[in-house]
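# Tertiary structure, described
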Amino acid sequence: MKILSLGAGGFIGSHLTGKLLSLGHQMTAVDISGEKLSELREQPSLRFLEQDIRKPGWNLDGLVHDADLVIDLIAYANPGLYVKIPLEVFRLNFLENLKIAEACVRRGRRLIQFSTCEVYGRSPASLKASKVVDPEDPVHATFSEDSSEFILGPVEKHRWIYACSKQLLERVLHAYGLEQGFHYTIIRPFNFIGPKIDFLASERAGTIWV
Ligand SMILES: NC(=O)c1ccc[n+]([C@@H]2O[C@H](COP(=O)([O-])OP(=O)(O)OC[C@H]3O[C@@H](n4cnc5c(N)ncnc54)[C@H](O)[C@@H]3O)[C@@H](O)[C@H]2O)c1
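These lines cover the structure that appears in this document, whether it is placed above or below. (Residues numbered from 1 in each chain as written. Predicted model: local features only at pLDDT ≥ 70, side-chain atom pairs only at ≥ 80, totals over all residues. Heavy atoms only, no water.)

Turning next to the site of the ligand. The ligand sits among 24 residues. The nearest are Phe11, Asp31, Tyr162, Lys166 and Phe192. Within the backbone of Leu73, an N or O atom sits 3.1 Å from an oxygen atom of the ligand. Contacts to the ligand include Phe192, whose backbone N or O atom sits 2.5 Å from an oxygen atom. In the complex, 88% of the free accessible area of the ligand, which totals 820 Å², lies under the protein chains. Breaking the shell around the ligand down by element, the ones donating at least two residues are helix H1 (11-22) and helix H6 (160-180). (Near = heavy atom within 4 Å. Polar contact = N/O pair within 3.5 Å; in protein donor to acceptor, adjacent residues only side chain to side chain. Areas by Shrake-Rupley, 256 points an atom, 1.4 Å probe, with all protein chains shown as cover. Helix = DSSP H or I, 4+ residues; strand = E, 2+ residues; numbered from the N terminus.)

Attention shifts here to the pairing of strand E4 (residues 69-72). Here E4 shows two buried faces, one formed by Leu69 and Ile71 and the other by Val70 and Asp72. Relative to strand E5 (residues 110-114), E4 runs parallel, the two being bridged by four bridges. By the bridge assignment, Val70 is partnered in E5 with Leu111. (Buried < 20%, exposed > 50% of the residue type's maximum accessible area, 1.4 Å probe, protein only. Pairing = 2+ DSSP bridges.)

One open sheet holds the six strands; their spatial order is E3-E2-E1-E4-E5-E6, and the pairing between them is parallel. Looking along the sheet, the strands with just one partner apiece sit at the ends: strand E3 (46-50) and strand E6 (184-187). Each strand of the sheet is rotated relative to its neighbour by a mean of 15°, with strand direction disregarded. H1 rests against strand E1 (2-6), strand E2 (26-31), E3, E4 and E5 of the sheet, and its axis sits at about 165° to E2. Running over the sheet, H6 touches E5 and E6 and is turned about 160° from E6. (Axes fitted to C-alpha atoms, helices over the stretch in contact; angles between N-to-C directions. Contact = heavy atoms within 4.5 Å.)

Let us look at unusual backbone geometry. Backbone geometry places Asn191, a non-glycine residue, at a positive phi of 55°. Residue placement: Asn191 occurs in the loop between E6 and strand E7 (199-202). With a phi angle near 80°, Lys196 is a residue other than glycine that sits in the positive phi range. Note on placement: Lys196 falls in the loop between E6 and E7. Residue classification places Lys196 among the partly exposed positions, given a relative accessible area of 27%.

Let us now look at H6. Here H6 is 21 residues long and its end C-alpha atoms lie 30 Å apart, about the 30 Å a rise of 1.5 Å per residue gives. Contact partners of the buried residues in H6: helix H3 (79-84), helix H4 (86-107), E5 and E6. (Expected span 1.5 Å × (residues − 1).)

With 25 residues, the main nonpolar core has Leu4, Leu6, Val70 and Leu111 as its most contacted residues. For this core, the elements supplying multiple residues, two or more each, are E1, helix H2 (60-66), H4 and H6. The greatest single-element share of this core, amounting to seven residues, is contributed by H4. When sequence neighbours within four positions are dropped, the list of residues in contact with Leu4 reads Thr28, Val30, Leu63, Val64, Ala67, Leu69, Val70 and Ile71. Counting 15 residues, the second largest nonpolar core, distinct from the first, contains Leu21, Ile71, Leu73 and Ile112. (Core = buried A, V, L, I, M, F, W, Y, C linked by side-chain atoms within 4.5 Å.)

Contact pair H4 / H6: the axes reach a minimum separation of 9 Å and the direction vectors enclose 15°. When the interaxial angle is binned, H4 and H6 end up roughly parallel. The two elements H4 and H6 cross, and the hand of that crossing is right-handed. Two secondary-structure elements touch here, H4 through Pro86, Val89, Phe90, Asn93, Phe94, Asn97, Leu98, Ala101, Glu102 and Val105 and H6 through Ile161, Tyr162, Ser165, Lys166, Leu168, Leu169, Val172, Leu173, Tyr176 and Gln180. (Parallel < 35°, antiparallel > 145°, perpendicular 65-115°, else oblique. Left-handed = near helix turned anticlockwise from the far one by under 90°.)

Given below as structure tokens:
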């Protein structure tokens, strides 16, 4: 397949690009930075475009048109930024990603959208912690992709703007599916870690850069 991968230069995107190339796909990779793709640069089936998707005038529609499949991984995915620059998080993670999704709708291309496990928000047990024997018991953190409730925190806790932006994008994709037969897949990673990750964040330990 001809695959357009946006945010391909990131932690997940760079691993995914290597894997998809090894399976014989032709990759067009878009990112602000191609550093993590450097070991793949010689691969003839990889085309890297250094592009900030917020800059107007780039060829989004043309690239989507030329692809069989679009993967969108672009986001601010650093928890420290959700409270520091919440508006930018909303603009990139929702508004800019919406433009990508709508280009896929216009061009009739399937989209694989990276969302987050954070759309589930708080578990019901965490809200009733005093009434539950062990709210940390994993049994309380079992989610169903299609039927679990999403429980987000109050507006003044800006941390939630990340989950809320991702959740709203999921709802818009679902609505395009319903109204216009749009084909999409949503992925909600539960904190992948591994080589090339930028940082590990923990409320107790602070942020560890690796
Ligand atoms: N890593 C995880 O465990 C995890 C968990 C939940 C959700 N996700 C989601 O998966 C996706 C990928 O996550 P990741 O961990 O690889 O993050 P990452 O930050 O490594 O990757 C995001 C990529 O997007 C690029 N990008 C950001 N702004 C851009 C712009 N304006 N123009 C072009 N490129 C831009 C970045 O340069 C980066 O390479 C994100 O949407 C994230 O929200 C990841």
